[in-house]
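Listed below are the residues making up each chain.
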Amino acid sequence: MPVFRALSKVAKQALLTPACGCQSLTVAIRNISFSPRQVTSGSDASFHSVSFSETDHPKVLITGGLGQLGVGLAKLLRKRFGKNNVILSDIRKPPSNVFHSGPFIYSDILDYKNLREIVVNNRITWLVHYSALLSAVGESNVALARAVNITGLHNILDIAAEHGLRLFVPSTIGAFGPTSPRNPTPDLCVQRPRTIYGVSKVHAELMGEYYHHRYGLDFRCLRYPGIISADSQPGGGTTDYAVQIFHDAVKNGKFECNLKPDTRLPMMYIDDCLRATLEVMEAPTETLSMRTYNINAMSFTPEELANEVQKQLPDLQVTYEIDSVRQAIADSWPMNFDDSNARNDWGWKHDYDLPELVQTMLNFIGSDSRIAQAN
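From a predicted model like this one, the values you see are computed outputs, not experimental measurements.

Q: Just give me the short version of the overall build of the chain, but keep the residues and values in it.
A: Tallying secondary structure elements over the chain gives 16 helices and 13 strands in all. Looking at the 375 residues of the chain, the share that counts as buried comes to 53%. Relative to all contacts within the chain whose residues are 6 or more apart in sequence, the contacts with residues 24 or more apart total 79%.

Encoded structure:
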């Protein structure tokens with residue numbers, strides 16, 4: 001059983017003296033203590049058949065749905081499974097276009113009881129867990145990152161195991177550290193990250209695999225590279241420069257980069273990322289030789305990206321003001337991902353390389369007038 005009786009005593013102490021002043025975390029501990037978590041042992045479980053025996057399409061819940069990836073994934077999954085079969089959730093109020101595009105509900109991943117009710121009441125069969133604090137933001141608030149990224153994950157794991165869900169939890173290039181092989185970085189190697197974000201993601205990988213082997217949980221995980229999208233603003237990640245450059249190039253023709261020009265990192269356009277997520281979720285269990293995979297599309301430096309953008313916008317001025325925190329994080333991350341296992345096991349293949357990425361981003365953001373002027 002994932003939760004022991006002794007936790008009740010800890011919860012009562014936490015309610016009297018909150019460790020971090022975080023009210024939602026206190027609520028989460030209260031719900032964990034007084035809501036027994038019943039997880040079937042692996043020998044009795046057949047979670048894959050439970051998930052798909054009752055419906056032709058999965059019923060999907062996406063946590064952290066208002067982040068960089070959630071809205072896009074919901075759009076993709078709704079096209080495939082139907083509008084009402086995909087529920088976005090978050091603790092923030094959605095913009096009007098998101099609210100009217102399909103089901104949206106409030107969900108706090110630190111509130112175990114609320115999560116459990118959502119899964120039961122909506123007959124959820126797939127859970128995509130996107131709630132997390134990213135690398136740079138996490139370093140500025142370690143206590144909150146620990147609560148969201150680790151305590152929230154524990155709630156998700158217990159609920160997914162209890163109700164036989166297929167669970168997707170993304171990991172990241174940040175799950176590796178300075179002692180990891182960097183070029184390329186294989187699926188299995190020393191990790192040892194140096195950020196709370198990276199530590200929490202390694203924890204998620206290992207806990208997910210443990211629940212798979214111990215309880216039969218259908219856990220699936222992809223290590224995302226830096227993700228680039230035009231329809232969302234940077235969210236506090238170390239690779240955000242690769243999104244910000246396009247917005248600044250179109251808006252004012254000037255961009256200040258916070259990483260060194262020769263900092264090489266693996267990257268991917270969001271459409272490839274979302275498609276990979278759907279493909280690994282749909283992959284037959286027997287094709288998966290592991291539960292956590294690297295995926296990759298391209299690898300470039302800020303200087304290489306700037307040069308490619310300047311082919312379309314020659315007047316773009318790029319300067320460098322190095323952020324020591326983000327630079328240290330980037331220097332500990334992979335330069336290139338080895339994703340051969342994903343390509344061999346379930347046929348992963350990316351569509352966007354650097355030139356296609358740049359053209360797509362500039363077109364999407366609406367740079368036609370600037371390109372016309374430059375030409």
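Still more to cover.
Q: So what's going on with the confidence of the model for the chain? Residues and values would help.
A: With 82% of its residues at a pLDDT of at least 70, the chain reaches an overall mean of 86. pLDDT under 50 marks residues 1–36. Its contacts with residues more than four places away, or in other chains, come to 45 contacts. Low pLDDT, under 50, characterises residues 39–54; the predicted model gives this stretch 29 contacts beyond four residues in sequence or across chains.

Q: So, helix α4 (residues 70–81): which residues are in play, and what are the values?
A: For an α-helix the count is 3.6 residues per turn, leaving residues at separations of three or four pointing the same way. Counted at 1.5 Å a residue, the expected span for α4 with its 12 residues is 16 Å, and the 16 Å between its end C-alpha atoms agrees. Three or more residues of α4 are buried, namely Gly 70, Leu 73, Ala 74, Leu 77, Arg 78 and Phe 81. Projected onto a plane normal to the axis of α4, the buried residues spread over an arc of 135 degrees and lie on a single side. Away from the buried face of α4 by more than 90 degrees, exposed residues Lys 75 and Lys 79 are located. Residues of α4 that are buried make contact with β1 (60–63), β2 (86–90), β4 (126–129) and α11 (270–282). A positive backbone phi angle near 105 degrees is found at Gly 82, which sits one or two residues after α4.

Q: Describe the pattern of salt bridges, listing the residues and the values that go with them.
A: Under the criterion given, the structure shown has 14 salt bridges. Arg 291 serves as the salt-bridge partner of Asp 218, at 2.7 Å between the closest nitrogen and oxygen. Of the two residues, Asp 218 sits in strand β7 (residues 218–224) while Arg 291 sits in the loop between α11 and β11 (292–294), which places them 73 residues apart along the sequence. Since its relative accessible area comes to 9%, Arg 291 is described here as buried. A salt bridge links Glu 279 to Arg 275; its shortest N-O distance comes to 3.0 Å. Taken together, the positions of Glu 279 and Arg 275, both in helix α11 and four residues apart, correspond to about one turn of that helix. Overall, the relative accessible area of 25% leaves Glu 279 in the partly exposed class. Look at the salt bridges and you will find they share partners, linking Arg 166, Asp 218, Arg 220 and Arg 291 into a network.

The rules behind these values
Residues numbered from 1 in each chain as written. Predicted model: local features only at pLDDT ≥ 70, side-chain atom pairs only at ≥ 80, totals over all residues. Heavy atoms only, no water. Helix = DSSP H or I, 4+ residues; strand = E, 2+ residues; numbered from the N terminus. Buried < 20%, exposed > 50% of the residue type's maximum accessible area, 1.4 Å probe, protein only. Contact = heavy atoms within 4.5 Å. pLDDT = per-residue confidence, 0-100. Expected span 1.5 Å × (residues − 1). Arc of directions from axis to C-beta. Salt bridge = Lys/Arg side-chain N within 4 Å of Asp/Glu carboxyl O.

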